[in-house]
Amino acid sequence: MSLYYVQKFLYELNRDEKAQQAYLADRVGVLDGYDLTDEEIQALVEPDIGLLFHLGVNGQILMHFAAFHHIAWADYLDLMRQGIATHGPVREGVYAMTGYEGVDAHTSALGQHGRTAQPTNTEGSR
Amino acid sequence: MPLVFAGVCSHAPGIRSRYEQADQTLREGLYVAFDEMREALEATRPDAIVVVAAEHFANFFMNNMPSFAIGMADFYDGPIEDTDWLKIDKVRTPGNRDLSHRFITEVMKGSDVSYAEEWRFDHGIILPLSFLTPRYDIPVIPVNINCQGPPLAPLPRVWSFGESIRAAADALPERIAIIGTGGISHWPATPDSGKINEAWDRDFLDRWVRNDREALLAYDDLTVYADAGQGGFEIRTFLAVSAAAAGAKGTVHFYAPIPIFAVGCTIATYQIAA
């Protein structure tokens with residue numbers, strides 16, 4: 001498993017239009033030179049957003065990859081949730097730091113349920 | 001000149017990209033607060049704005065990740081994000097290489113930093129600028145604190161960095177403003193996106209307004225992660241501004257959780273003596 005190289009490939013893709021063109025032209029060939037497992041290659045080529053999140057890709061990197069593939073925001077979030085449901089908790093990286101068990105578990109841990117929000121203006125001298 | 005302005009604001013991409021999906025009253029209130037922050041900033045006539053942000057792998061990666069980095073260029077292009085996605089046009093923001101060089105030299109007297117003569121903005125900097133300098137006509141000195149890829153600088157080191165920024169600003173003849181950008185509690189770009197721990201945010205902002213160094217440094221990354229998500233690591237940018245404000249007290253002009261923006265949207269300033 002080589003989360004570092006999965007993320008490095010995506011980092012370079014996200015900020016380089018030439019790399020994006022190369023990826024679109026040859027999704028497998030462009031991965032040459034990155035130390036990747038077959039599973040990681042499959043996730044990057046397909047692309048499998050849910051699997052990439054499960055593998056531990058940082059969302060700040062992954063969301064650009066999803067946008068690049070014209071995946072709508074709500075669908076992007078759903079794909080990650082499906083990835084956790086299908087493959088289990090995040091394996092590695094920042095989201096695995098204290099264990100990632102999903103939205104429901106987080107909501108429960110924070111004691112949050114549906115709520116409404118009101119703006120605040122805490123006046124002092126402005 | 002002594003520092004002329006110190007404030008913080010949110011930088012979540014959804015503030016622009018998902019504007020239409022948000023509650024109308026909340027989103028309009030946020031935009032008004034941003035505009036009032038712009039007016040307050042302009043009134044201090046800054047020669048340059050130090051934007052302390054937490055970038056998101058636009059320039060820095062785990063192959064060579066600086067804890068603290070400062071830009072040193074005459075211009076900065078961005079955003080790297082797709083225009084249709086972020087809904088902010090590509091723009092060249094002015095910098096000032098000479099000023100950055102002198103600023104960094106002063107900062108280095110108190111803190112170790114990396115400098116970067118090349119830097120492409122992402123939403124962390126460009127979104128606040130799109131509100132605060134909509135004509136992109138004030139030179140920017142971009143500053144990054146690594147808040148994304150642990151290990152992260154311990155909070156006392158962040159505080160020290162903020163003090164170094166203040167000392168540098170005070171030492172230069174130019175009028176320098178500082179703006180920190182980031183989230184408080186949030187889980188951006190994850191399945192939990194939209195979750196906001198409002199109680200945690202309000203407690204944090206209370207500490208920030210009081211500029212209570214001890215209370216602000218009492219956080220640790222494990223509990224921040226549990227209570228405030230990985231986005232909570234970005235409190236570092238807020239803490240750097242607290243330290244730079246050197247004891248000044250603050251005002252929260254706007255705070256509201258806006259889930260579709262994926263953060264408790266915040267506009268706050270310190271009353272520094274200019």
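Residues numbered from 1 in each chain as written. Chains lettered and ligands numbered in written order. Predicted model: local features only at pLDDT ≥ 70, side-chain atom pairs only at ≥ 80, totals over all residues.

Draft legend 1. Structural view of the sheet that holds strand 6 (residues 114–116) of chain B. All names here are of chain B. Reading across from one edge, 6-3-7-2-8-1-10-9 is the order of the eight strands in this open sheet, with mixed pairing throughout. A single partner strand is all that each edge strand has here, and the edge strands are strand 6 and strand 9 (250–258). Between one strand and the next, the sheet's axes are offset by a mean angle of 15°, whatever the strand orientation. With three bridges connecting them, strand 3 (residues 68–71) and strand 7 (residues 140–145) associate as antiparallel partners. Note on strand 7: the bridge partner recorded for Phe 68 is Ile 145. Strand contacts of helix 2 (residues 24–43): strand 1 (5–9), strand 8 (176–181), strand 9 and strand 10 (263–270), with the helix running at about 155° to strand 9, the strand carrying the most contacts. Across the sheet, helix 5 (residues 123–132) is in contact with strand 1, strand 2 (48–53), strand 7 and strand 8; its angle to strand 8 comes to roughly 125°. (Pairing = 2+ DSSP bridges. Helix = DSSP H or I, 4+ residues; strand = E, 2+ residues; numbered from the N terminus. Axes fitted to C-alpha atoms, helices over the stretch in contact; angles between N-to-C directions. Contact = placed C-beta atoms within 7 Å.)

Draft legend 2. Representation of the nonpolar core. Core analysis: the biggest nonpolar cluster contains 87 residues, and Val 50, Ile 178 and Ala 240 of chain B have the highest contact counts within it. The greatest single-element share of this core, amounting to seven residues, is contributed by helix 10 (residues 235–244) of chain B. Once residues lying within four places of it in the same chain are set aside, the contact partners of Ile 178 of chain B are Leu 3, Phe 5, Ala 6, Val 50, Val 52, Ile 165, Ala 169, Val 241 and Ala 244 of chain B. Core analysis: the next-biggest nonpolar cluster, separate from the first, contains 34 residues, Val 6, Phe 9, Leu 44 and Trp 73 of chain A among them. (Core = buried A, V, L, I, M, F, W, Y, C linked by C-beta atoms within 7 Å. Buried ≥ 20, exposed ≤ 12 C-beta atoms within 10 Å, placed from the backbone.)

Draft legend 3. Up close: the environment of Phe 68 of chain B. Residue and element names in this part refer to chain B. Along the chain, Phe 68 falls in strand 3. Separated by 49 residues in sequence, Phe 68 and Tyr 19 place their C-alpha atoms 31 Å apart. When residues no more than four places from it in sequence are discounted, the contact partners of Phe 68 are Ser 111, Val 113, Ser 114, Ile 145, Ala 153 and Phe 161.

Draft legend 4. Inspection of the pairing of strand 2 of chain B at higher detail. Residues and elements named next belong to chain B. Counting buried positions over the six residues of strand 2 gives six, a clear majority of the element. The two faces of strand 2 match: Ala 48, Val 50 and Val 52 on one face and Ile 49, Val 51 and Ala 53 on the other face are all buried. Note: strand 2 against strand 8, five bridges, orientation parallel. For Val 52, the partnering residue across the bridge sits in strand 8 and is Gly 180. Where strand 2 lies against strand 7, five bridges are found, and the strand directions are parallel. Residue pairing in the sheet places Val 51 in a bridge with Pro 142 of strand 7.

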